[in-house]
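Each chain is listed here by its residues.
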Amino acid sequence: MKVVQPHWPQNITNQNKPHIILRVTISFARQALNIPIKTPPPNKIPKINNEDAQHSTQTYPSTMTTTMPRRGHVPHTLFLLSLLLFLHHHRAAAAARPYVFVISQDDLQSADDAAADSSEWDEFGDSESKSEDELDPGSWRRILEPDETTTEEKYGSEEEKAYYDGVRKILDAASEGDGRAMEEGVEEIERSAREGEANAMSVLGFLYQIGMGKERSKAKAFLYHSFAAESGNLQSKMALAHIYSRQDMHEQAAKLYAELAEVAVDSFLISKDSSVVEPVRIHVGAEEKKEALRKSRGEDDEDFQILDYQGQKGNAAAMYKVGIFYYYGLRGLRRDPSKALSWFLKAVEKGEPKAMELLGEIYARGAGVERNYTKAFELLKLAAKHQLYSAYNGIGYLYVKGYGVERKNYTKAKEYFERAADAGDAGGHYNLGVLYLKGIGVKRDFKMARGYFVLAFNAGQPKASYQLAKMFHTGVGVKKVLPMATALYKLVAERGPWSSLSRWALEAYLKGDVGKALLLYSRMAELGYEVPQSNAAWILDKYGELSMCMGESGLCTDAERHQRAHSLWWQASEQGNEHAALLIGDAYYYGKGTVKDYDRAAEAYMHAKSQSNAQAMFNLGYMHEHGLGLPFDLHLAKRYYDEALDNDPAAKLAVKLALASLWLRRNYADSFMVRFIDSLPEVYPRIERWVEDVIMEEGNATIFTLIVCLLTVLYLRERQRRNVVAPGEAVIPQQQPGEHVIPAPQ
């Protein structure tokens, strides 16, 4: 087994030690696996971001409370103009850059291929379709996405009613920044928790975890989450699994993530992905991600309106797409299964094969409609006749179960799965893997099953992640590797129904309700989602006091807000977010909200550098050039500057000037120019403060603007006066070819 990891400083503490952050690029050859199908080419294998970045952590000391610097991330103020250009053109990639995990032949050959209990692999079971409230007890959907089924009469007990009343008050308090309302909401939650309401215990654990309405206490947070998880709250199980995985307790983490992944898989269709929207990153580096937000405005989005108009005019493809948006709640739309089904039916009437397939799978599963296998079979067969090969998966499933067909027929099922697989469909590979895993219609073969699951996984099939996780967890077909199992389970678990929090958070942010968005992103951050961790931290830094951050008592103090942002950025950096690692380095380098610590700044920059971040490379070069937190070494400084340029051509001017500085320092170490360059980092902040305090002060800025306008008017009038011909001067016209000029009378 080979883990390709980035360079990491040897003196890093256990608290900051990285563990497996992996992208499973499982690339063993077809010949080694005896799989009679072709492996997809590398350019067809999707990248999987933000996979498992866990390491052990402890309570953050008070010295780590920090404000992120408002300036750019480059501490080198040597040549101000060049760095401003560099910062203007360079945008740090916010998406995580995962490490690479490669499975060796040794791992495969030494695997325990002992027979597994068939009941543990009942992929083709008869699980009933369940609602989100059933899959995720205590979901906030009845508050954030209410419908006719979520009335007060539906509460099961007084404790449950108190729980939802408390959550509603907490959400309202976060929106308004109302400390008194927050206290009332927390009291309701505590009262419900004392009566044994598991969902209230989960929320209480969340409040203790971030220090909102309660003192910040990781011990109490863990205790309440443990009680809630024991009573069946899945969000608390998610939070505990994240805590365990960060502490390298992979056995406990894998067990919890396995339960959560099973719930997530239960919400999937026969061969489709999860119906829950992936979290949307609302920023790129330090700036708002306007294009992504524009596409998430639901029915107000111009592109959606055009698509809806095309559907109304009879465009079958547009009908299907609009139905997909409503069915899955995409692009900022509220989920509306009834409206989605209406669009699907219209698209089927127009002959859209994709709508036929999806509607067939919906009928087969009974997802929002009465289960009807006969109608499902007819729709899937019709889609297959239109050369939609993925529909063969649904047909094969019905033959495996004997639903909607004359009888069970494993041979036909295998034929249909093979047709789908031959067409490159990930679901076909996955279903063939299940047949070989369970020995349905074929001789049981774990190696063949493993190979098909790998192909499906590389093509983006989430249920294949689940099956591979179980293999690594139990040691069936591969060597038992708990960290790997934990990571793969986590990928699937994050697609569970609790990820609806992301949709509601984005909806609140787009409506300008920053406080509610922050609270919802913070809840998801506690569950281990990297994108919400990054979003919540960015909101705290971007909006400051306007973020409506609620602390232990009322609105957050500066220290509480900075500490919370720092904690969130740190967790995001653990999961491969290079921008987060860069911000942590800046905080320690500038001493913003914490004591200056060049050593820890260098560690954070090294982390960002390991993810190919050009700014981090530039920073490390500067620190080597000046011996700040790193040994004074001009050769290493040059190497890092060169690497920054190789990774980002926009850094050309900054790097060239930095190299010029190195040349001066090497050849004229004690010259006036070197001393002048070294003084710039002290001079620049003074100039910046003078501009902010004098020029940009409201009254002075107005006067300065008026003076500039007056000087501009005077300049233009003087220019006009000079262009006017002086009185008494004769104007001599230019003679055109072929013309005779008549002299003026004397």
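Residues numbered from 1 in each chain as written. Predicted model: local features only at pLDDT ≥ 70, side-chain atom pairs only at ≥ 80, totals over all residues. Heavy atoms only, no water.

## So, the overall build of the protein chain
Then step 1. On a plain count of helices and strands, the protein chain comes out with 34 helices and five strands.
Then step 2. When burial is assessed residue by residue, the protein chain has 54% of its 746 residues classed as buried.
Then step 3. Contacts spanning at least 24 positions in sequence make up 66% of the contacts within the protein chain whose residues lie at least 6 apart. (Helix = DSSP H or I, 4+ residues; strand = E, 2+ residues; numbered from the N terminus. Buried < 20%, exposed > 50% of the residue type's maximum accessible area, 1.4 Å probe, protein only. Contact = heavy atoms within 4.5 Å.)

## Structural notes on the side chain of D513
Then step 1. In this fold, D513 is placed in the loop between α24 (500–510) and α25 (514–526).
Then step 2. In this structure D513 is buried but unpaired, with K516 as the nearest side chain of opposite charge at 4.1 Å.
Then step 3. Only 3.2 Å separates the side chain of D513 from the backbone nitrogen of K516, close enough to count as a polar contact.
Then step 4. Sequence-distant contacts of D513, that is, excluding residues within four places in its chain, are made with S175 and A508. (Lys, Arg positive; Asp, Glu negative; His and termini not counted. Salt bridge = Lys/Arg side-chain N within 4 Å of Asp/Glu carboxyl O. Polar contact = N/O pair within 3.5 Å; in protein donor to acceptor, adjacent residues only side chain to side chain.)

## What about the packing of aromatic side chains?
Then step 1. Throughout the structure, instances matching the rule amount to 21 aromatic pairs.
Then step 2. Judged by centre distance (5.6 Å) and plane angle (40°), the rings of Y430 and F453 are tilted. Residue Y430 is found in helix α20 (residues 426–438), and its partner F453 is found in helix α21 (residues 446–458); the two are separated by 23 residues along the sequence. Each member of the pair, Y430 as well as F453, is classed as buried. (Phe/Tyr/Trp six-rings, centres within 6.5 Å; stacked < 30°, edge-to-face > 60°.)

## Looking at helix α8 (residues 198–210)
Then step 1. With 13 residues, α8 should reach 18 Å at 1.5 Å per residue; the first-to-last C-alpha distance of 19 Å fits that figure.
Then step 2. Within α8, 13 of the 13 residues are buried, which leaves it mostly tucked inside the rest of the structure.
Then step 3. The first or second residue beyond α8 is G211, which carries a positive phi of 75°. (Expected span 1.5 Å × (residues − 1).)

## Details of the pattern of salt bridges
Then step 1. On inspection of all chains with the given rule, the structure shows 18 salt bridges.
Then step 2. Note that R281 and E530 form a salt bridge whose closest N and O atoms lie 2.9 Å from each other. Of this pair, R281 sits in the loop between α11 (250–266) and β4 (283–284) while E530 is found in helix α26 (residues 530–543), placing the two residues 249 residues apart along the sequence. Just as R281 is buried, E530 falls in that class too.
Then step 3. Across the pair D558 and R561 runs a salt bridge whose closest N-O atoms are separated by 2.9 Å.

## Observations concerning the state of the cysteines
Each disulfide consists of one covalent bond between the sulfur atoms belonging to two cysteines.
Then step 1. A complete count under the given rule lists one disulfide for this structure.
Then step 2. Put simply, C549 and C556 are joined by a disulfide, and their sulfur atoms are 2.0 Å apart. The sign of the S-S torsion, about -55°, decides the handedness of the disulfide formed by C549 and C556: left-handed. Each member of the pair, C549 as well as C556, carries the same accessibility label: buried. (Disulfide = S-S within 2.5 Å.)

## Quick notes on the nonpolar core
The nonpolar side chains of a soluble globular protein tend to be buried, and buried together.
Then step 1. Formed by 189 residues in total, the largest nonpolar core has its most connected members in W140, I170, M212, F344, Y489, L520 and I539.
Then step 2. The leading source of residues in this core is α11, at 10 residues.
Then step 3. If near-sequence neighbours (up to four positions away) are discounted, L520 is found in contact with W140, L144, L171, L501, W504 and A505. (Core = buried A, V, L, I, M, F, W, Y, C linked by side-chain atoms within 4.5 Å.)

## Structural notes on the packing of helix α27 (residues 558–574) against helix α28 (residues 578–590)
Then step 1. The contact between α27 and α28 brings their axes to 7 Å, and the two run at 135°. Taken together, the axes of α27 and α28 are oblique relative to one another. Handedness of the α27/α28 crossing: left-handed. On α28, the residues touching H566, W569, W570, A572 and S573 of α27 are H579, A580, A581, L583, I584 and Y588.
Then step 2. For the contact of α27 with α28, a count of residues per class yields eight nonpolar, three polar and no charged. (Axes fitted to C-alpha atoms, helices over the stretch in contact; angles between N-to-C directions. Parallel < 35°, antiparallel > 145°, perpendicular 65-115°, else oblique. Left-handed = near helix turned anticlockwise from the far one by under 90°. Nonpolar A, V, L, I, M, F, W, Y, C, P; charged D, E, K, R; others polar.)

## Details of α27
Then step 1. Between its first and last C-alpha atoms α27 spans 24 Å; for 17 residues at 1.5 Å apiece the expected length is 24 Å, and the two agree.
Then step 2. Burial within α27 is extensive, with 14 of its 17 residues counted as buried.
Then step 3. In the stretch just after α27, G576 is the one whose phi turns positive, near 95°.

## Concerning a nonpolar patch on the surface
Then step 1. Residues I707, L710, L711 and L714 make up a contiguous nonpolar surface patch of roughly 400 Å² in combined accessible area.
Then step 2. When its relative accessible area of 54% is taken as the criterion, L711 is described as exposed. (Patch = residues over 30% accessible without salt bridge, like charges linked within 9 Å, V, L, I, M, F, W, Y side chains within 5 Å. Areas by Shrake-Rupley, 256 points an atom, 1.4 Å probe, with all protein chains shown as cover.)

## Considering unusual backbone geometry
Then step 1. Despite not being glycine, D248 shows a phi value in the positive range, around 65°.
Then step 2. In this structure, Q387 takes a positive phi of about 65° despite not being glycine.
Then step 3. Within the secondary structure layout, Q387 lies in the loop between α17 (373–385) and α18 (391–401).
Then step 4. You can call Q387 exposed: its relative accessible area is 52%.

## Here we look at the side chain of S465
Then step 1. Relative to the assigned elements, S465 resides in helix α22 (residues 462–474).
Then step 2. In this structure S465 comes out as buried when scored by relative accessible area, which is 6%.
Then step 3. The residues contacting S465, other than those within four sequence positions of it, are F457, L488 and V492.

## Overview of the confidence of the model for the protein chain
If pLDDT is low for a region, its predicted coordinates should not be looked at in detail.
Then step 1. For the protein chain, mean pLDDT is 76; residues scoring 70 or higher make up 72% of the total.
Then step 2. In the model, residues 1–102 has pLDDT below 50 throughout and makes 287 contacts with residues more than four positions away in sequence or in other chains.
Then step 3. Confidence drops under pLDDT 50 across residues 114–122; counting only partners more than four residues distant or on other chains, this segment forms 20 contacts. (pLDDT = per-residue confidence, 0-100.)

## So, the environment of L171
Then step 1. Structurally, L171 can be placed in helix α6 (residues 158–176).
Then step 2. Taking the C-alpha atoms as reference points, L171 and A517, 346 residues apart in sequence, are found 9.4 Å from one another.
Then step 3. The contact partners of L171, leaving out residues within four places of it in the chain, are W140, I143, L144, K516, L519 and L520.

## A word on the packing of helix α29 (residues 598–609) against helix α30 (residues 614–626)
Then step 1. As a packed pair, α29 and α30 sit with axes 8 Å apart at the nearest point and diverge in direction by 145°. Crossing geometry of α29 relative to α30 is assigned as left-handed. Here α29 contributes Y598, A601, A602, Y605, M606, A608 and K609 to the contact with α30, which in turn contributes A616, M617, N619, L620 and M623.
Then step 2. Among the residues forming the contact of α29 with α30, the class breakdown is 10 nonpolar, one polar and one charged.

## Some thoughts on the environment of A580
Then step 1. Mapped onto the fold, A580 is located in helix α28.
Then step 2. Residue A580 is classed as buried on the basis of its relative accessible area, which comes to 0%.
Then step 3. Separated by 47 residues in sequence, A580 and Q533 place their C-alpha atoms 9.7 Å apart.
Then step 4. Not counting chain neighbours up to four residues away, the residues in contact with A580 comprise W569, A572 and S573.

## Overview of the environment of L527
Then step 1. With respect to the helices and strands, the residue L527 is situated in the loop between α25 and α26.
Then step 2. In this structure the C-alpha to C-alpha distance between L527 and Q235, which are 292 residues apart in sequence, comes to 7.0 Å.
Then step 3. Setting aside chain neighbours within four positions, we find L527 in contact with Q235, M238, A239, H242 and L501.

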